[in-house]
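Structural characterization, general
Residues per chain, in single letters:
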Amino acid sequence: MPANDALSVAHALHARRSVRAFKDQPVDTELLKTIFADAQRAPSGGNLQPWQATLVTGEPWQRVKDAVAARIAMGREGYQPEYDIYPKGLTEPWEARRFGVGEALYASLGIPRDNKAGRLAQFMDNYKGFGAPVMLFLHCSRIMGPPQWSDMGMWLQSVMLLLVEHGLASCPQECWAMYGATVRETLGLGEDQILFTGLAIGHADTDAAVNNWPVPRVGLEEVIDWQGF
Ligand SMILES: Cc1cc2nc3c(=O)[nH]c(=O)nc-3n(C[C@H](O)[C@H](O)[C@H](O)COP(=O)(O)O)c2cc1C
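Starting afresh in each chain, residues are numbered from 1 along the sequence in its written order. A pLDDT threshold of at least 70 governs which residues receive local features in this predicted model, and a stricter bar of 80 or more applies before side-chain atom pairs are shown or counted, although totals over entire chains, interfaces and linings include all residues. Side-chain metrics in this entry use all non-hydrogen atoms of the structure; hydrogen atoms and water are not considered.

Overview of the overall build of the chain
Secondary structure counts use DSSP, requiring at least four H or I residues in a row for a helix and at least two E residues in a row for a strand, with both numbered from the N terminus. When its secondary structure is counted, the chain shows 7 helices and 4 strands. From first element to last, N terminus to C terminus, the chain shows the α and β order α-α-β-α-α-α-β-α-β-α-β. Both definitions apply: the radius of gyration is a C-alpha atom measure, and the globule rule equals 2.2 Å times residues to the power 0.38. Taking 2.2 N^0.38 as the reference for a compact globule, 229 residues should give roughly 17 Å; the C-alpha atoms of the chain span a radius of gyration of 18 Å, in line with that estimate. Classification of the 229 residues of the chain by burial places 41% in the buried group. The contact criterion used is simple: two residues touch if any of their non-hydrogen atoms lie within 4.5 Å. Relative to all contacts within the chain whose residues are 6 or more apart in sequence, the contacts with residues 24 or more apart total 83%. In short, Shrake-Rupley with a 1.4 Å probe defines the accessible areas, and a residue's cover is counted only from the protein chains shown. When the accessible surface of the chain is totalled, it reaches about 13000 Å², and 57% of it is carbon and sulfur. His residues and chain termini do not enter the charge count, which takes Lys and Arg as positive and Asp and Glu as negative. To locate a charge, take atom NZ for lysine, CZ for arginine, CG for aspartate or CD for glutamate. Seen as two clouds, the 20 positive and the 26 negative side-chain charges of the chain have centres 4 Å apart. We call a residue buried when its accessible area falls under 20% of the maximum for its residue type, exposed when it is over 50%, and partly exposed in between, using a 1.4 Å probe and counting protein chains only.

Structural notes on the site of the ligand
Proximity is defined per residue: any heavy atom of the residue falling within 4 Å of a molecule or strand makes that residue near it. The immediate surroundings of the ligand are formed by 16 residues, with Ser18, Arg20, Asn126, Glu174 and Arg217 found nearest. For the ligand, a nitrogen atom lies 2.9 Å from a polar atom in the side chain of Asn126. When isolated, the ligand has an accessible area of 620 Å², and the protein chains bury 75% of it. Considering every element that reaches the shell around the ligand, the biggest residue donor is strand β3 (residues 169-173), with 3 residues. Identification of polar contacts relies on pairs of N or O atoms within 3.5 Å, with a donor-acceptor requirement for protein atoms, meaning one able to donate a hydrogen and the other able to accept it, and with residues adjacent in sequence counted only if both atoms are side-chain atoms.

A short note on the layout of surface pockets
Grid points spaced at 1 Å and placed over the protein atoms alone form the basis of the search, with a cavity being a set where a 1.4 Å probe fits but cannot get out and a pocket an open set showing protein on both sides within 12 Å along at least five of seven lines. Lining residues have an atom within 4 Å of a point. Grid points are joined across faces, edges and corners, and a volume is the space filled by probe spheres set on the points. Empty space within the second largest pocket amounts to approximately 240 Å³. Forming the walls of the second largest pocket are 15 residues, and the residues nearest its centre are Leu7, Ser8, Ala12, Leu161 and Glu165. Where the lining of the second largest pocket is concerned, the elements lending two or more residues are α1 (9-15), α2 (29-39) and α6 (146-165). Top element by residues in the lining of the second largest pocket is α6. It accounts for 5 residues. For this classification, Asp, Glu, Lys and Arg are treated as charged, while Ala, Val, Leu, Ile, Met, Phe, Trp, Tyr, Cys and Pro are nonpolar and the rest, including Gly, are polar. Here the residues of the lining of the second largest pocket are counted per class, giving 9 nonpolar, 3 polar and 3 charged.

What about the pairing of β3?
Counting buried residues in β3 gives 4 out of 5 residues, a clear majority hidden from the surface. Should DSSP find at least two bridges between two strands, the strands are regarded as paired. One ladder, built from 5 bridges, connects β3 with strand β4 (residues 193-202); its direction is antiparallel. Of the residues in β4, the one forming a bridge with Ala169 is Gly202.

A few points about the sheet that holds β4
Spatial strand order, β1-β2-β4-β3: 4 strands in an open sheet with antiparallel pairing. Each edge of the open sheet carries a strand with a single partner, namely β1 (52-57) and β3. Mean inter-strand twist for the sheet, computed between neighbouring axes without regard to direction, equals 25°. Across 6 bridges, β1 lies against strand β2 (residues 134-141) in antiparallel orientation. Directly across from Leu55, in β2, lies its bridge partner Leu136. Here an axis means a line fitted to C-alpha atoms, over the contact stretch when the element is a helix, while the angle between two N-to-C directions is reported on a 0 to 180 degree scale.

Structural notes on the packing of aromatic side chains
Stacked, edge-to-face and tilted labels apply to pairs of Phe, Tyr and Trp rings (six-membered ring for Trp) whose centres lie within 6.5 Å, assigned for plane angles under 30 degrees, over 60, and everything in between, in that order. Summed over the entire model, instances satisfying the criterion amount to 12 aromatic pairs. When the ring of Tyr83 is compared with that of Phe196, the centres are 6.4 Å apart and the planes differ by 50°; the resulting orientation is tilted. With Tyr83 in the loop between α3 (58-72) and α4 (94-108) and Phe196 in strand β4, the pair connects residues that are 113 residues apart, well separated along the chain. The class of Phe196 is buried, set by a relative accessible area of 16%. Clustering of aromatic rings is evident, with ring pairs tying together Trp61, Tyr79, Phe123, Tyr127, Phe137, Trp176 and Tyr179. A cation sits over an aromatic face here: Arg17 above Trp213, 5.4 Å from the ring centre. Above the plane of the ring of Tyr86 lies Arg98, whose end atom (NZ or CZ) is 4.3 Å from the centre. Geometrically, a lysine NZ or arginine CZ counts as sitting over a ring once it is within 6 Å of the ring centre and also within 35 degrees of the ring normal.

On their own, these measurements won't tell you what the molecule is for.
Okay, structure coming up:
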């Protein structure tokens, strides 16, 4: 992280993390409007700006949580996946990365592998938005393909970095796509929309152990192939 440069992009990149415990403190609506106005500067192929978002707080947010809880109670019968969250049969090196971050998260909470109930309870906290007062649901038209989904990712990261700049925190949550139809129906989204992810937004509980563990990244040698340098 660059020293003495609290407003640099690098600072925001290092300061952002997926926050999984929020304070019971409301988020200023005018601030959110400013953040989304700035995030509109995110690039997109052909300037399509394919991202569409629905923000909920208060009663509408509770309605989503209740509707999804009812589906969860149905067990596997309740699943309505919008898409495969991971490729079927995820291979290395990606599977090890996924496994590694999960283990690090549970270790931060002192939940060992054999404590299946403890791990499930932590996962289920996803469906309460980890206590966030605001939930953003990111969706787009079903006609969009991989390039436009990547555009949605750029918008999402822009929003997350702007939240950091303004002292707020977030956690992207594709787990909501496991109950896509219920989320869409509850939000009043048309059948033409596909749900990509949720984004929990709020003030971080900075004391919570789940927000205080080093999140690993692989070295550059694993992702960048320098040719001609
Ligand atoms: C699109 C997207 C969806 C995600 N969905 C979830 C989720 O459902 N639940 C969760 O706890 N974390 C979720 N994450 C967070 C990732 O686990 C996290 O970004 C990754 O482990 C790196 O950690 P960091 O964000 O703290 O740097 C998601 C991240 C992204 C980008």
